[in-house]
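An overview of the molecular structure
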Amino acid sequence: MDSALRVQARYGQRALLITTLAVPLTGWTVHALTLHRRLADARKDPLSGLPCRPEFVAYGERLLRTRHRDTLHVLMLDGVDFKAVNDTYGHAAGDSVIQTMGHRLARWNANRTALAARLGGDAFAVCAALPPSTALAEITELREQLQQPLQHEQHTLRLDVSLGIARAADLPGETMSRILRGADTAMYKVKKREATFPYVATRADAYVETVNGRRAGRRGTHTPARAG
């Protein structure tokens, strides 16, 4: 075999080897991407499509370690009389409300450094880096969007939410969990009409006493804590 033919043979062997290796590698890559998507979906609330509490807290903690800390706003949102929707129109209507809340929150987040999550039931939270000069206007806009009526079958569902705000700049050195507690307390005060929107949490709000790790009045606070 002359030198030209030997060179062609070597190139052919290499091409065959590369092709042989690439086939399982491509298959593994597709498998890995599929697995990653499945894991990501598993961490989302299936009804609202939003992340759940662990991902939300982790996201906020990451922002607290960046230049966004001083502009970080944590919002706590609770549906007003959402249970009445279930009782009056059925669970399908209640599910539609939760899905709509998730879509509206995701749309508001889309062009911002922000993440929304469903914490359970009709409780949602938002973590967003917002310029101080426009923050309250943007939060007010979000509240108005969330409260737009929803058409479900032949019914117009009126939506209302209570919203509390906590700013990391007002709570220097605090963790994401503590800031979230402040936002939850602020929301509760608005819901009980002890304060008016927009109410911003104080340090005292972030340190309210809890029962079983929950602000008094939330589900689960009526049961005794388990012994460690």
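Source: prediction; values computed, not measured. (Residues numbered from 1 in each chain as written. Predicted model: local features only at pLDDT ≥ 70, side-chain atom pairs only at ≥ 80, totals over all residues. Heavy atoms only, no water.)

Let's talk about the overall build of the chain
Along its length, the chain carries seven helices and eight strands. Per-residue burial over the chain gives 39% buried out of 228 residues. For the chain, contacts bridging at least 24 residues in sequence account for 68% of all contacts bridging at least 6. Carbon together with sulfur atoms contributes 54% to the accessible area of the chain, which is approximately 13,500 Å² in total. (Helix = DSSP H or I, 4+ residues; strand = E, 2+ residues; numbered from the N terminus. Buried < 20%, exposed > 50% of the residue type's maximum accessible area, 1.4 Å probe, protein only. Contact = heavy atoms within 4.5 Å. Areas by Shrake-Rupley, 256 points an atom, 1.4 Å probe, with all protein chains shown as cover.)

So, the environment of Asn-109
Its place among the elements puts Asn-109 in helix H4 (residues 91-109). Excluding residues that lie within four positions of it along the chain, Asn-109 makes contacts with Ala-114, Leu-115, Ala-116 and Val-126.

Overview of the pattern of salt bridges
Summed over the entire model, instances satisfying the criterion amount to seven salt bridges. Across the pair Asp-45 and Arg-118 runs a salt bridge whose closest N-O atoms are separated by 3.2 Å. Linking Asp-45 in the loop between helix H1 (3-42) and helix H2 (53-64) with Arg-118 in strand E2 (residues 114-120), this pair joins segments that are 73 residues apart in sequence. Look at Asp-45 and you get buried, because its relative accessible area is 11%. Taking relative accessible area as the criterion, Arg-118 reaches 14% and is therefore assigned buried. The shortest N-O distance in the salt bridge between Asp-205 and Lys-189 comes to 2.8 Å. With Asp-205 in helix H7 (residues 203-206) and Lys-189 in helix H6 (residues 176-191), the pair connects residues that are 16 residues apart, well separated along the chain. Asp-205 gets classed as buried once you look at its relative accessible area, which sits at 2%. Through salt bridges that share partners, Arg-112, Glu-138 and Glu-141 make up one connected network. (Salt bridge = Lys/Arg side-chain N within 4 Å of Asp/Glu carboxyl O.)

Considering the sheet that holds strand E6 (residues 161-167)
The strand order E2-E3-E1-E6 describes an open sheet built from four strands, whose pairing is antiparallel. Whereas interior strands pair on both sides, the edge strands pair on one side only; in this sheet they are E2 and E6. Ignoring which end each strand starts from, the neighbouring axes of this sheet average 20 degrees apart. Pairing geometry for strand E1 (residues 72-79) and E6, over seven bridges, is antiparallel. Along E6, the bridge assignment pairs Leu-75 with Ile-165. (Pairing = 2+ DSSP bridges. Axes fitted to C-alpha atoms, helices over the stretch in contact; angles between N-to-C directions.)

Some remarks on the packing of aromatic side chains
Using the criterion set out here, one finds zero aromatic pairs in the structure. Arg-178 extends its terminal NZ or CZ atom over the ring of Tyr-207, reaching a point 3.9 Å from the ring centre. (Phe/Tyr/Trp six-rings, centres within 6.5 Å; stacked < 30°, edge-to-face > 60°. Lys NZ or Arg CZ within 6 Å of the ring centre and 35° of its normal.)

What to know about the packing of H2 against H6
The interhelical angle for the contact between H2 and H6, taken along N-to-C directions, is 110 degrees, at an axis separation of 9 Å. Classified by the interaxial angle, the pair formed by H2 and H6 is roughly perpendicular. For the pair H2 and H6, the sense of crossing is right-handed. Here Arg-53, Phe-56, Val-57, Gly-60, Glu-61 and Leu-64 of H2 lie close against H6, whose contacting residues are Met-176, Ser-177, Ile-179 and Leu-180. (Parallel < 35°, antiparallel > 145°, perpendicular 65-115°, else oblique. Left-handed = near helix turned anticlockwise from the far one by under 90°.)

Points about the pairing of E2
In terms of burial, E2 is largely enclosed, as six of its seven residues are buried. With six bridges connecting them, E2 and strand E3 (residues 123-129) associate as antiparallel partners. The residue bridging Ala-116 from the neighbouring strand is Val-126, located in E3. Connecting the antiparallel pair E2 and E3 is a turn made up of two residues, with Gly-121 showing a positive phi of about 55 degrees.

Some details on unusual backbone geometry
Residue Pro-198 is bonded to the preceding Phe-197 through a cis peptide linkage, with omega at 0 degrees. Considering the arrangement of structural elements, one finds Pro-198 in the loop between H6 and H7. One non-glycine residue, Glu-153, lies in positive phi territory at about 55 degrees. Mapped onto the fold, Glu-153 is located in the loop between strand E4 (150-152) and strand E5 (155-157). One non-glycine residue, Arg-193, adopts positive backbone phi at about 60 degrees. According to the relative accessible area criterion, Arg-193 is exposed, its value standing at 79%.

The values reported here are purely geometric and, on their own, carry no functional implication.
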